[in-house]
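Observations on chain architecture
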Amino acid sequence: MTAAENVCYTLINVPMDSEPPSEISLKNDLEKGDVKSKTEALKKVIIMILNGEKLPGLLMTIIRFVLPLQDHTIKKLLLVFWEIVPKTTPDGRLLHEMILVCDAYRKDLQHPNEFIRGSTLRFLCKLKEAELLEPLMPAIRACLEHRHSYVRRNAVLAIYTIYRNFEHLIPDAPELIHDFLVNEKDASCKRNAFMMLIHADQDRALDYLSTCIDQVQTFGDILQLVIVELIYKVCHANPSERARFIRCIYNLLQSSSPAVKYEAAGTLVTLSSAPTAIKAAAQCYIDLIIKESDNNVKLIVLDRLIELKEHPAHERVLQLMEFLSDNNEAAAADVLEFVREAIQRFDNLRMLIVEKMLEVFHAIKSVKIYRGALWILGEYCSTKEDIQSVMTEVRRSLGEIPIVESEIKKEAGELKPEEEMTVGPVQKLVTEMGTYATQSALSSSRPTKKEDERPPLRGFLLDGDFFVAASLATTLTKIALRYVALVQEKKKQNSFVAEAMLLMATILHLGKSSLPKKPITDDDVDRISLCLKVLSECSPLMNDIFNKECRQSLSHMLSAKLEEEKLSQKKESEKRNVTVQPDDPISFMQLTAKNEMNCKEDQFQLSLLAAMGNTQRKEAADPLASKLNKVTQLTGFSDPVYAEAYVHVNQYDIVLDVLVVNQTSDTLQNCTLELATLGDLKLVEKPSPLTLAPHDFANIKANVKVASTENGIIFGNIVYDVSGAASDRNCVVLSDIHIDIMDYIQPATCTDAEFRQMWAEFEWENKVTVNTNIVDLNDYLQHILKSTNMKCLTPEKALSGYCGFMAANLYARSIFGEDALANVSIEKPIQQGPEAPVTGHIRIRAKSQGMALSLGDKINLSQKKTSV
């Protein structure tokens, strides 16, 4: 490309077998045609100019015969035409004809239709010729007072763009935008104008900001972040400005955007060291920690919060733990998980967290949160006072012991609760002797004890939830062993250990009785009995296991979790690695010339896959999935016409490349490939007929669109006429082409809560019985994962080892956004010998019937492993 050539940003394919329109025919249509003809001619002119054609003779024709038209489509096309057409002579001087165009611009800026005004203003932002813009400045200024916000918004954009490119044309642009902001009522117009004012004149933007500090909460998230950054930069350079904008930062702490709140809190701490500022920033951090779902982000915010050395900030940290008693179990569980990681990471907060946990312990309503709180108290109580406080809270939450005897007495009425004494109303009376006396009535009542008034731990146990009892036994064992190590007096040691053992024994007694709604399980009995045995011996080995190795296990688990998250993020980033540049060309098959079809067979698919970062094809990993393996024979070798198809499935469409061979000595005319589909498939275009010479061959391409994830079938026939024969058309029936569901399913991940929710919501279930020759449980699971493209959500550690049975959850998502769930429950019948195959079943659930059935069919077909 030479320097004199215009830069061409867009290329549009013109079929090689069609003649490009001549300049004379285009001129004739532009001069004498109707509106429709002029529209089509103008489109052709635009395409030719974009492809590098020079049509100088049409410029005046368009000005005379097209520019005066009021048709909206014509006006849209004219804006594109004026943008791309050369407007200057080779020496850089403006063409004389553009004066007439400039007058047309001015009329459009005064047009009564607001769309034409607004689109013209947006078009003027793209012009690079100052001579064209200068006569239009009065009309552009007038658009700032238009009654429609669309016009005003684009007028501000045009003024800012022209000021940035040609400041001499409108030197008072910052003042104009500032005055516009003061008087404007529309919120979107104000946001856009303020953003432009920041870039045009920072001082004026600050002046305006100081007048609308109470309105910044209505601005968009992006603009709020810009304001925070602007205030930080200005106040850092000029500390005297801090008092002016501190209230603006306070208002931004109430933003609905977590990013804005986080940055505003950090800026507030930087600008002010006052206790009120520290308190407000800390409260903002607390809100972010509570509402944030990502635990890593919570820890980042907590690190920021810990940096606030003032004592009020530490008190704010403990406000998180108030949510442990929240009725929303999910929110309380998030807080508990975060507290568990925080108390492990930050040593200086452990004492505060333990004290706060003891404070809110009695108010916890969820048994799941109660178990977690017990574990934290048992793990991190390190002083005699804290250990005694834990025992006190446990006794308080358990109620009167022995539990069985006290409950039986209450039911029999032998154990009377304290009677409530009430005093009746006082009355003044006159005695027989004429003197005054007062009379009052004293009554007593026995309060009725409701089930929900029971202490929380006692209520959990009577409801039959003895898993919390096993957790309590572990906690009591830990603190008792720690108490023995801290206290030297033997009598106190024995007394504390005896009290812990008494609590465990009374819980075991309760579990074996008929009072709970559900009896205690054998696992819980074994756990409590083990703890009783440990306390009866108090050996150093058991002390190390309970008080040291448990802490190390938590540390290892958190480290492994962090490494797993990092690895997952790394894999995700590698998966999204883009191997092509955004401006690389994409070849569209529908726009490709006919003589280029053979060499451009898979260019669209390859370009799309490369743009998605998915250049690693399945064929490279599996030799059996090579290109030749995707060839389907459609007719027999003895048929007059032999046909085979290469089926290429790519995202939302299927490309069939059908090879047709004339095996006769006759010329086949009007040889047509007729196709039809079953399932959610749709034929995009009908293949064109062709003529085959004797023993000649040709390739026919057909596109089939896919709408959903289910197995589909493509069937059809080939019809043709024999040259010179008088018989009817001949027909060759084709074999069916089965489209595999696996081409649309991709492995995906979801949380346990999301899996359970989808499992409950999805109504279509398909239960598949395991029928395989695989003898190893893990081998069968891996085989199913490979065959179905699903991902195993069950952790690897849960699947490790050997116990004769296995249960795993699988998940996948189609390219259409459909979810597929599967639960694998399999076992190894040991009694039948080591070579016995795996048995069990697989339950599949999906939102659509087709997805569930198709996935079940795929599993049935691929259960047995074929020997190589």
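Residues numbered from 1 in each chain as written. Predicted model: local features only at pLDDT ≥ 70, side-chain atom pairs only at ≥ 80, totals over all residues. Heavy atoms only, no water.

1. So, the overall build of the protein chain
Within the protein chain, the regular secondary structure consists of 34 helices and 20 strands. Buried residues in the protein chain amount to 42% of all 868 residues. Within the protein chain, contacts between residues at least 6 apart in sequence are counted, and of these 66% link residues at least 24 apart. (Helix = DSSP H or I, 4+ residues; strand = E, 2+ residues; numbered from the N terminus. Buried < 20%, exposed > 50% of the residue type's maximum accessible area, 1.4 Å probe, protein only. Contact = heavy atoms within 4.5 Å.)

2. Some details on the confidence of the model for the protein chain
Interpreting fine coordinate detail is not advised for predicted regions of low pLDDT. Looking at the protein chain, pLDDT values average 79 and 79% of them are 70 or higher. Every residue in residues 612–625 scores below 50 in pLDDT, and together they form 18 contacts with partners more than four places removed in sequence or on other chains. (pLDDT = per-residue confidence, 0-100.)

3. Notes on the sheet that holds strand β5 (residues 631–633)
An order of β5-β6-β7-β11-β9 is seen for the five strands of this open sheet, with the pairing classed as antiparallel. One side of each edge strand has no neighbouring strand; the edge strands of this open sheet are β5 and β9 (681–683). Averaged over all pairs of adjacent strands, the angle between their axes in this sheet comes to 30°, without regard to strand direction. Relative to strand β11 (residues 697–706), strand β7 (residues 653–662) is paired through nine bridges, and the arrangement is antiparallel. When the bridges of β11 are listed, Val 661 appears paired with Phe 697. (Pairing = 2+ DSSP bridges. Axes fitted to C-alpha atoms, helices over the stretch in contact; angles between N-to-C directions.)

4. A short note on the packing of helix α5 (residues 98–109) against helix α6 (residues 114–124)
Running from amino to carboxyl end, α5 crosses α6 at an angle of 135°, the nearest separation of the two axes being 8 Å. Classified by the interaxial angle, the pair formed by α5 and α6 is oblique. Every residue of α6 that contacts α5 at Tyr 105, Asp 108 and Leu 109 is listed here: Ile 116, Arg 117, Thr 120, Leu 121, Phe 123 and Leu 124. Across the contact of α5 with α6, the residue classes break down as six nonpolar, one polar and two charged. (Parallel < 35°, antiparallel > 145°, perpendicular 65-115°, else oblique. Nonpolar A, V, L, I, M, F, W, Y, C, P; charged D, E, K, R; others polar.)

5. Overview of the nonpolar core
Counting residues in hydrophobic clusters, the biggest one holds 98 residues, and the most contacted among them are Phe 81, Trp 82, Ile 140, Phe 194 and Ile 227. Per-element accounting of this core gives the leading share, eight residues, to helix α9 (residues 149–165). Every residue in contact with Ile 140, bar those within four places of it in the chain, is listed here: Leu 109, Leu 121, Leu 124, Ala 155, Ala 158, Ile 159 and Ile 162. Val 360, Phe 496, Ile 507 and Leu 508 belong to the second-largest nonpolar core, a separate cluster that totals 67 residues. (Core = buried A, V, L, I, M, F, W, Y, C linked by side-chain atoms within 4.5 Å.)

6. Some details on unusual backbone geometry
The peptide bond linking Ile 401 to Pro 402 adopts the cis configuration, its omega dihedral lying at -5°. With respect to the helices and strands, Pro 402 occurs in the loop between α22 (384–398) and α23 (403–412). Unlike most non-glycine residues, His 695 shows phi in positive territory, near 60°. Judged by its relative accessible area of 52%, His 695 falls in the exposed class. With a phi close to 60°, Asn 789 is a non-glycine residue in the positive phi region. Within the fold, Asn 789 resides in the loop between α32 (777–788) and β17 (791–792). Judged by its relative accessible area of 21%, Asn 789 falls in the partly exposed class.

7. Considering the packing of helix α26 (residues 490–512) against helix α27 (residues 522–537)
Close contact between α26 and α27 brings their axes to 10 Å; oriented N to C, the two are set at 155°. With respect to α27, the element α26 is oriented roughly antiparallel. Relative to α27, α26 is oriented so that their crossing is left-handed. On α27, the residues touching Val 497, Ala 500, Met 501, Met 504, Ile 507, Leu 508 and Lys 512 of α26 are Val 525, Ile 528, Ser 529, Cys 531, Leu 532, Leu 535 and Ser 536. The class makeup of the residues in the contact of α26 with α27 is eleven nonpolar, two polar and one charged. (Left-handed = near helix turned anticlockwise from the far one by under 90°.)

8. Description of the packing of aromatic side chains
A full pass over the atoms with the stated rule returns nine aromatic pairs. Geometrically, the ring pair formed by Phe 194 and Tyr 208 is tilted, given 5.6 Å between the ring centres and 50° between the ring planes. On the criterion of sequence distance, the pair formed by Phe 194 in helix α11 (residues 187–200) and Tyr 208 in helix α12 (residues 202–211) is long-range, its members being 14 residues apart. In this structure Phe 194 comes out as buried when scored by relative accessible area, which is 0%. (Phe/Tyr/Trp six-rings, centres within 6.5 Å; stacked < 30°, edge-to-face > 60°.)

9. Here we look at the pattern of salt bridges
Tallied over the full model, the rule gives 21 salt bridges. Put simply, Glu 83 and Lys 126 hold a salt bridge, and the shortest N to O gap is 3.8 Å. Separated by 43 residues along the polypeptide, Glu 83 in helix α4 (residues 72–84) and Lys 126 in the loop between α6 and α7 (130–133) bring together distant segments of the chain. Relative accessible area serves as the criterion here: at 37%, Glu 83 is assigned to the partly exposed category. (Salt bridge = Lys/Arg side-chain N within 4 Å of Asp/Glu carboxyl O.)

10. Section: the pairing of strand β19 (residues 819–827)
For β19, the buried fraction is high: seven of the nine residues fall into the buried class. The hairpin formed by strand β18 (residues 805–814) and β19 contains four residues between the paired strands, and Gly 817 there has a positive phi angle of roughly 85°.

11. Details of the side chain of Gln 224
Following the sequence through the fold, Gln 224 ends up in helix α13 (residues 221–237). Gln 224 sits in the buried class, given a relative accessible area of 2%. Not counting chain neighbours up to four residues away, the residues in contact with Gln 224 comprise Val 216, Gln 217, Phe 219, Leu 252, Ser 255 and Val 260.

12. Details of α22
Between the first and last C-alpha of α22 there are 21 Å, a value that for 15 residues agrees with the 21 Å anticipated at 1.5 Å per step. Of the positions making up α22, those classed as buried are Asp 386, Ile 387, Val 390, Met 391, Glu 393, Val 394, Ser 397 and Leu 398. End-on view of α22: buried residues confined to an arc of 160°, all on one side of the axis. Within α22, the exposed residues directed more than 90 degrees away from the buried face are Glu 385 and Thr 392. Contacts from the buried residues of α22 go to α20 (350–360), α21 (367–380), α23, α24 (456–462), α25 (467–486) and α26. (Expected span 1.5 Å × (residues − 1). Arc of directions from axis to C-beta.)

13. Here we look at the pairing of β11
Taken across its ten residues, β11 has seven buried, putting it largely inside the fold. When β9 meets β11, the two strands line up antiparallel, connected through three bridges. Opposite Leu 683, over in β11, you have Val 704 as the bridge partner.

14. Re the environment of Ala 41
If you trace the backbone, Ala 41 turns up in helix α2 (residues 35–50). Here the alpha-carbon distance between Ala 41 and Lys 27, two residues 14 residues apart in the chain, equals 8.3 Å. For Ala 41, the contacting residues outside a window of four places in its chain are Leu 26, Asp 29 and Leu 30.

15. Structural notes on α4
Here α4 is 13 residues long and its end C-alpha atoms lie 19 Å apart, about the 18 Å a rise of 1.5 Å per residue gives. Listing the buried residues of α4 in full gives Ile 74, Lys 75, Leu 77, Leu 78, Leu 79, Phe 81 and Trp 82. Close packing links the buried residues of α4 with α2, α3 (59–65), α5 and α6. For α4, the capping residue at the N-terminal end is Asp 71, with a side-chain oxygen 3.1 Å from the backbone nitrogen of Thr 73. (Polar contact = N/O pair within 3.5 Å; in protein donor to acceptor, adjacent residues only side chain to side chain.)

16. Structural notes on the environment of Ala 480
Mapped onto the fold, Ala 480 is located in helix α25. In the structure, Ala 480 is positioned 93 residues away from Ile 387 in sequence and 8.2 Å away in space, judged by C-alpha atoms. Apart from the residues within four sequence positions on either side, Ala 480 is in contact with Phe 496, Val 497 and Leu 535.

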